[in-house]
Every structure is written in structure tokens, then in C-alpha cells.
Amino acid sequence: DTRTMDSEFMLSILACLAEDESHSISGNLKWGIRKRFEDGSFRQSIAPYGYEWRDDELAVVPKQAEVVREIFGLALSGRGAIRIAKELNARKIPSPTGKLWTQRAINTLIANPVYAGDQLYQKTYMDEQFKQRRNRGELDRYYNADHHEAIVSRDEFERAQGAMKQRAKEVGYSGGEEGRGTNRYCFSRILVCKACGNIMHRQKRRNGAACWVC
């Protein structure tokens, strides 16, 4: 009966004990997951595009693997993520979600070391407000080399990273600017903001119109 002081006090104690138990269980679960990160036995709930789970091992899906190789090949030939996505969508090749390919999906795929046969764990984490965030050094990350069969060679993977970084450099984007395209346009690296001095980038609006912003 919370109308009495004794009951209110007892309820507060029980709530504190329950919260402490919840934190203890959460800590134990996180410890177990990190141990599986360390020994490479952690299994993602959904296999990356191009792979499927077979007896706790990542196995290549041939049809999807061909798409992955084509994406890396297009990136190495100098195409940007937006153009690659448009080419795949024009040929009605389904994305990992079964919908249209996007610039972000292409960039994420090319940057994923899983296609070189490696696994990188704890790329994201859940904060105290239960929001999923990208791990930018707040927590340890675990790299497991030669974890499974590769779809592209390590050399192709590294050259693709270099090609995408070079495109970003040519149009004035830094590596920390997520979600921005790396396509080249006639004014790329030419227009400079008079107010702040930063290089301006081409941005497409919802109505289809394009403008240049810093």
C-alpha cells in the first residue's frame, strides 16, 4: 500500500534491487559477447550480403558474391557510390534489404572487411539511452583476420578503399562526413564558401533540384 510511508520505502528498496540485478545481468551478457569477439566465435543474427550461415560458418552465396565483386570492380574503375547504385537499380538487382540500392548501402558494403575474409566486431554499440551508435573509439573493437572465405582479394579491398578516399579527396570531403557522395561534377573542388572558406559540395534536394552548399 503506497499510501503508507513504510510501503513506499519498501517499494523503493525493491526497485533499487531490481535495477541492480538488471545491470548485473547486462554486464554478464556484455562480458560473454566480448569474449566471443576475442576468439572469433561471435555469430551475427543476419549474415552479411553475399554470405549465409552454414553450421556456424559464413559461406559464400555465389549469385550475391558476383554482385559484390561487380561493385568493387566499379569502384576500382572510378565510379562513385551514387553512380554504382543507379547502375544496379537500372538492372533491377535487389539490394541487401530487397529494395533499391542507395549511396549509403554501397559505401557500407565497400568499407566492410568481411568481403576480404575478415571480421570486425563491435563497430556499433548501445548507449545508456538504448540508442545504437557507431563506435568511434568509445569501446574496443576486435579484428579477426582470415575468419572465413573471402569474396574479393585483400589487395582489391584495400585498393577500393584507396579509390573511394581519393574520390572523396578530389571533391573535398573528409572521411568523417558520412552520407555524402563522392561523384565528380564540373564545379567540384572549385567553388569555395566566401563566409567560412570551406569547399562547397553539390547537394540534391527532394524536388530534384541541385544546389551547392558548404
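Our subject is the structure that appears above.
Here the structure is a predicted model, which is why all the values come from computation and not from measurement.

K.L.:
Outline a nonpolar patch on the surface, listing residues and values.
P.N.:
The grouping of Phe9, Met10, Ile13, Leu14 and Leu17 at the surface amounts to a nonpolar patch, some 510 Å² of accessible area in total. When you line up the elements, Leu17 lands in helix H1 (residues 5-39). Taking the relative accessible area as the measure of exposure, Leu17 reaches 54% and is therefore exposed.

K.L.:
Pulling in residues and values, what's your account of the pairing of strand E2 (residues 57-60)?
P.N.:
Direction of pairing for strand E1 (residues 51-54) relative to E2: antiparallel, over a ladder of four bridges. Counterpart to Glu52 in the pairing with E2 is Ala59. In this antiparallel pair of consecutive strands, E1 and E2, the connection spans two residues, and Asp55 shows a positive phi of 50°.

K.L.:
Account for the environment of Leu11, with residues named and values stated.
P.N.:
Tracing the sequence through the fold places Leu11 in helix H1. What makes Leu11 partly exposed here is its relative accessible area of 46%. When the C-alpha positions of Leu11 and Glu149 are compared, they lie 55 Å apart, and in sequence the two are 138 residues distant.

K.L.:
Describe the side chain of Asn112, naming the residues involved and giving the relevant values.
P.N.:
Here Asn112 is to be found in the loop between helix H4 (103-111) and strand E3 (119-121). Using a relative accessible area of 16% as the deciding quantity, one classes Asn112 as buried. If we skip the residues at most four places from it in the chain, Asn112 touches Lys123 and Phe157.

K.L.:
Please set out the packing of helix H3 (residues 81-90) against H4 residue by residue, giving values where relevant.
P.N.:
Packing of H3 against H4 brings their axes to within 8 Å, and their N-to-C directions diverge by 105°. It follows that H3 is roughly perpendicular to H4 by the angle criterion. Listed contacts from H4 to Ala81, Ile82, Ile84, Ala85 and Leu88 of H3 are Gln103, Ile106 and Asn107. Partitioning the contact of H3 with H4 into residue classes produces six nonpolar, two polar and no charged.

What counts and what doesn't
Residues numbered from 1 in each chain as written. Predicted model: local features only at pLDDT ≥ 70, side-chain atom pairs only at ≥ 80, totals over all residues. Heavy atoms only, no water. Patch = residues over 30% accessible without salt bridge, like charges linked within 9 Å, V, L, I, M, F, W, Y side chains within 5 Å. Areas by Shrake-Rupley, 256 points an atom, 1.4 Å probe, with all protein chains shown as cover. Salt bridge = Lys/Arg side-chain N within 4 Å of Asp/Glu carboxyl O. Helix = DSSP H or I, 4+ residues; strand = E, 2+ residues; numbered from the N terminus. Buried < 20%, exposed > 50% of the residue type's maximum accessible area, 1.4 Å probe, protein only. Pairing = 2+ DSSP bridges. Contact = heavy atoms within 4.5 Å. Axes fitted to C-alpha atoms, helices over the stretch in contact; angles between N-to-C directions. Parallel < 35°, antiparallel > 145°, perpendicular 65-115°, else oblique. Nonpolar A, V, L, I, M, F, W, Y, C, P; charged D, E, K, R; others polar.

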